[in-house]
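# Secondary and tertiary structure notes
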Amino acid sequence: MQIAICDDDAQERSRIHNRVAQILEEQDIEVAVSVFADGDSFLCHYIKHIGSPFDLILLDIEMPGMNGLELAAKIRKLDAMVLIIFLTAHEQYVYKSFEHSPFRYVPKLHFDSYMPKALHDAYKAVKAEQMKEGYYVAATPQAKTVLPYQTIRHIKKEGRMCVFHLTGGETVSIKKNIKELWTELNHSLFATIHSGCIVNMKYIQQVQKDICVLDNEESFVISRANRQTLRKALHSFWGESH
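Here the structure is a predicted model, which is why all the values come from computation and not from measurement.

What follows deals with the pairing of strand 3 (residues 56-60). The two faces of the sheet receive side chains in turn, since in a regular strand these alternate between them. Along strand 3, five of the five residues are buried, which leaves the element largely enclosed by surrounding structure. For strand 1 (residues 2-6) and strand 3, the ladder comprises four bridges, and the chain directions are parallel. If you follow Ile5 over to strand 3, its bridge partner there is Leu58. Looking at chain direction, strand 3 and strand 4 (residues 83-88) are connected through five bridges and run parallel. Bridge assignment links Leu59 to a residue of strand 4, and that residue is Phe86. What joins strand 3 to strand 4 is helix 3 (residues 68-78), and the crossover it makes is right-handed.

As structure tokens, this is what we get:
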């Protein structure tokens, strides 16, 4: 999950960053965190990387210059869907913040009480949206790449990396455990061939005993443990697709 933190207080930025990273590590959620000291630098970065560079934005409301509410208004003109959690030491801003459709409002004094659930719920919301829209977000510390399901032919484990092989011949690599990646995909569209390979059933041309052949003539050995599961998945997929 890609998270941005915008807070003008250096000590607070560091505290929030460290605590967010700790919470998500405890929840076994991979995260890349970017920090910003003011609204102007954040907005400059956001515009430069337009296309929803973040899944979640943690915004301090009280900042000099452009405050968090003003920044949120500008963000909403660029992206109506990105999740925003407002942070503040003063709760009188809570009703004003509703104008910008926040995902949550977390008082800084109760950060440790509210933030773990807020982050967990945000992660679930991000994954649910990906499932609904039919795409996977391949995230690296530098950027996010949105991969529509229909463009993914298969995914292979290569060392510590998962490599997405796309229909145009391109590849996209991310550092992720393939078992975790599997839980983030739509299981009605994808199937596991063996412990190191996931295929998009749309591109399976045929299954010959223990061999899976794709439409581009690539073939993969189906592990014994996955043969029956694959056949059941294909029977369901082909039945729904035709």
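Next comes the rest of the description.
Here we have five strands laid out as an open sheet, ordered 2-1-3-4-5, and parallel in their pairing. Two strands close off the open sheet at either side, each with one partner strand: strand 2 (32-36) and strand 5 (104-107). Each neighbouring strand pair of the sheet contributes to a mean axis angle of 20 degrees, computed without reference to strand direction.

Pairing is antiparallel in the open sheet, where five strands are placed in the order 10-9-8-12-11. Both outer strands of the open sheet, strand 10 (171-175) and strand 11 (190-194), are each paired with one neighbouring strand and no more. Taking each pair of neighbouring strands and ignoring which way they run, the sheet shows an average axis angle of 20 degrees.

Calculation rules
Residues numbered from 1 in each chain as written. Predicted model: local features only at pLDDT ≥ 70, side-chain atom pairs only at ≥ 80, totals over all residues. Heavy atoms only, no water. Buried < 20%, exposed > 50% of the residue type's maximum accessible area, 1.4 Å probe, protein only. Helix = DSSP H or I, 4+ residues; strand = E, 2+ residues; numbered from the N terminus. Pairing = 2+ DSSP bridges. Right-handed = clockwise from strand over helix to strand, strands pointing away. Axes fitted to C-alpha atoms, helices over the stretch in contact; angles between N-to-C directions.

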